[in-house]
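One-letter residues, chain by chain:
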Amino acid sequence: ELGYGEGDTYAILAESYKGKGDNDGYVKTLKDGFDRYPSNLNLMGGIINYYILEVENTDEAFKYIDVALQKDPSNAYFHSAKGHLYDKTGQADAAKASYNKAIELKPDLFEAYYNLGVIYYNEGVNLTDEANKIKDNKLYEEAKSVADKKFVESLPYIEKAYELHPEDRSIAGTLSNLYYRLKMIEKYDEIMKKLE
């Protein structure tokens, strides 16, 4: 009522409703808070997570991200969140564009680098699986070369994510896998020492 804490107070109040099992109160409070404080990441994140994880309504999640971006188009976190939604709905090219926009706006945004790297990495894995089904050696090599290009595209994003979070062992593991696949033996040996 007094406006103390602004959007964060709404987020805490919403969590209180959720904690007592009142989902309607939870969503209403998030939306009321978002209407008043549209740049609050906790509120937007809560609404989006609700629509993605709890009711699986990506249309509503997209709607709220678009509203947030209209009000604050230079917010890298909103572009990154939209990239996540695109990725979740199988729209890889749109996801890449959103993550790249987020990186352009905030060059140290870990989530955007990591998620973008994972998209390329997963594309490489899928293409490798397809290549492994090919019996003809020449065609196999061609298909494997296409897959390897995806791993090469993934590399700078995973490296940057690791640079931003060097303590994260799962990223280090992904990076070691990339170095191994791309026959970058010195870098592979170096990161394996860190993983010991």
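This is a predicted model, so every value here is computed, not measured. (Residues numbered from 1 in each chain as written. Predicted model: local features only at pLDDT ≥ 70, side-chain atom pairs only at ≥ 80, totals over all residues. Heavy atoms only, no water.)

**Student:** Even after reading the chapter, I still don't get the overall build of the chain, so can you show me in this structure?
**Tutor:** Within the chain one finds 10 helices and zero strands. Sequence-ordered secondary structure for the chain, helices as α and strands as β, is α-α-α-α-α-α-α-α-α-α. For 196 residues, the compact-globule formula gives about 16 Å, and the C-alpha radius of gyration of the chain, at 20 Å, lies well above that figure. For the chain, the C-alpha atoms occupy an extent of roughly 70 × 35 × 35 Å along the three principal directions. Counting only residues that meet the buried cut, the chain has 39% of its 196 residues in that class. Counting contacts in the chain only where the partners sit at least 6 residues apart, residues at least 24 apart contribute 50% of the total. Accessible area of the chain: about 11400 Å², with a carbon and sulfur share of 50%. For the chain, the separation between the mean place of its 25 positive charges and that of its 35 negative charges on side chains is 3 Å. (Helix = DSSP H or I, 4+ residues; strand = E, 2+ residues; numbered from the N terminus. Rg over C-alpha atoms; globule rule 2.2 N^0.38 Å. Buried < 20%, exposed > 50% of the residue type's maximum accessible area, 1.4 Å probe, protein only. Contact = heavy atoms within 4.5 Å. Areas by Shrake-Rupley, 256 points an atom, 1.4 Å probe, with all protein chains shown as cover. Lys, Arg positive; Asp, Glu negative; His and termini not counted. Charge placed at Lys NZ, Arg CZ, Asp CG, Glu CD.)

**Student:** Help me understand the layout of surface pockets in this model?
**Tutor:** Any empty space left between the atoms is revealed when a probe the size of a water molecule rolls over them. Here the largest pocket defines a volume of roughly 310 Å³. Every residue lining the largest pocket is listed: Leu41, Met44, Gly45, Ile48, Asn49, Ile52, Tyr77, Ser80, Ala81, His84, Glu111 and Asn115. Among the secondary structure elements, those contributing two or more residues to the lining of the largest pocket are helix H3 (41-54), helix H5 (76-88) and helix H7 (110-131). Class assignment of the residues belonging to the lining of the largest pocket gives a composition of six nonpolar, five polar and one charged. By volume, the second largest pocket amounts to about 170 Å³. (1 Å grid on protein atoms, 1.4 Å probe; cavity = no way out; pocket = protein on both sides within 12 Å on 5 of 7 lines; lining within 4 Å. Points joined across faces, edges and corners; volume = space filled by probe spheres on them. Nonpolar A, V, L, I, M, F, W, Y, C, P; charged D, E, K, R; others polar.)

**Student:** I keep staring at the nonpolar core and nothing clicks. Help me out?
**Tutor:** Nonpolar side chains tend toward joint burial in soluble globular proteins. By size, the foremost hydrophobic cluster in this structure holds 50 residues, and its most contacted members are Phe34, Met44, Ile48, Tyr51, Ile65 and Leu175. In contact with Met44, not counting residues within four places along its chain, are Phe34, Ile65, Ala68, Phe78 and Ala81. (Core = buried A, V, L, I, M, F, W, Y, C linked by side-chain atoms within 4.5 Å.)

**Student:** Before we go on, may I ask you to explain unusual backbone geometry in this structure?
**Tutor:** Phi is mostly negative for residues that are not glycine, and the peptide bonds are mostly trans. In this structure, Glu6 takes a positive phi of about 50 degrees despite not being glycine. Along the chain, Glu6 falls in helix H1 (residues 6-19). The phi dihedral of Lys183 is positive, around 55 degrees, even though this residue is not glycine. Positionally, Lys183 belongs in the loop between helix H9 (169-181) and helix H10 (185-195).

**Student:** Just to check I follow, could you spell out helix H2 (residues 23-36) for this structure?
**Tutor:** Structural remark: α-helix, 3.6 residues per turn; residues separated by three or four positions point the same way. Compared with an ideal rise of 1.5 Å per residue, which puts 14 residues at 20 Å, H2 spans 20 Å between its outermost C-alpha atoms and is within 8% of the ideal. Residues of H2 that are buried: Gly25, Tyr26, Val27, Thr29, Leu30, Gly33 and Phe34. Sitting at the head of H2, Asp22 places a side-chain oxygen 3.3 Å from the backbone nitrogen of Asp24. (Expected span 1.5 Å × (residues − 1). Polar contact = N/O pair within 3.5 Å; in protein donor to acceptor, adjacent residues only side chain to side chain.)

**Student:** When you look at the environment of Leu116 in this model, what are you seeing that I'm missing?
**Tutor:** Mapped onto the fold, Leu116 is located in helix H7. Judged by relative accessible area, which is 0%, Leu116 ranks as buried. If we skip the residues at most four places from it in the chain, Leu116 touches Lys96, Tyr99, Asn100, Ile103 and Tyr157.

**Student:** Even after reading the chapter, I still don't get the confidence of the model for the chain, so can you show me in this structure?
**Tutor:** With 100% of its residues at a pLDDT of 70 or more, the chain has an overall mean of 91. Within the chain, the lowest mean pLDDT, 80, falls on H3, and the highest, 97, falls on helix H6 (residues 92-105). (pLDDT = per-residue confidence, 0-100.)

**Student:** In this structure, what is going on with the packing of H7 against helix H8 (residues 137-164)? I would like to understand it.
**Tutor:** The relative placement of two packed helices comes down to the angle between their axes together with the axis-to-axis distance. Orientation of H7 relative to H8, taken along the N-to-C sense of each, is 160 degrees, at an axis distance of 7 Å. In terms of their interaxial angle, H7 and H8 are classed as roughly antiparallel. Handedness of the H7/H8 crossing: left-handed. (Axes fitted to C-alpha atoms, helices over the stretch in contact; angles between N-to-C directions. Parallel < 35°, antiparallel > 145°, perpendicular 65-115°, else oblique. Left-handed = near helix turned anticlockwise from the far one by under 90°.)

**Student:** Explain the packing of aromatic side chains here, please?
**Tutor:** Geometry of an aromatic ring pair is reported as the spacing of the ring centres plus the angle between the planes. For the coordinates displayed, the defined rule picks out 10 aromatic pairs. Ring geometry for Phe34 against Tyr64: centres 5.6 Å apart, planes inclined by 70 degrees, an arrangement best described as edge-to-face. In this pair, Phe34 is assigned in helix H2 and Tyr64 in helix H4 (residues 58-71), connecting sequence segments 30 residues apart. Residue classification places Phe34 among the buried positions, given a relative accessible area of 1%. A residue is classified by how much of its surface remains accessible, and Tyr64, at 11% relative accessible area, is buried. Consider the rings of Tyr180 and Tyr188, whose centres lie 5.4 Å apart with planes at 50 degrees: the pair is tilted. By way of ring pairs, the aromatic residues Tyr26, Phe34, Tyr50, Tyr51 and Tyr64 are connected into one cluster. A cation over a ring is seen here: Lys160 above Tyr113, with NZ or CZ 6.0 Å from the ring centre. (Phe/Tyr/Trp six-rings, centres within 6.5 Å; stacked < 30°, edge-to-face > 60°. Lys NZ or Arg CZ within 6 Å of the ring centre and 35° of its normal.)

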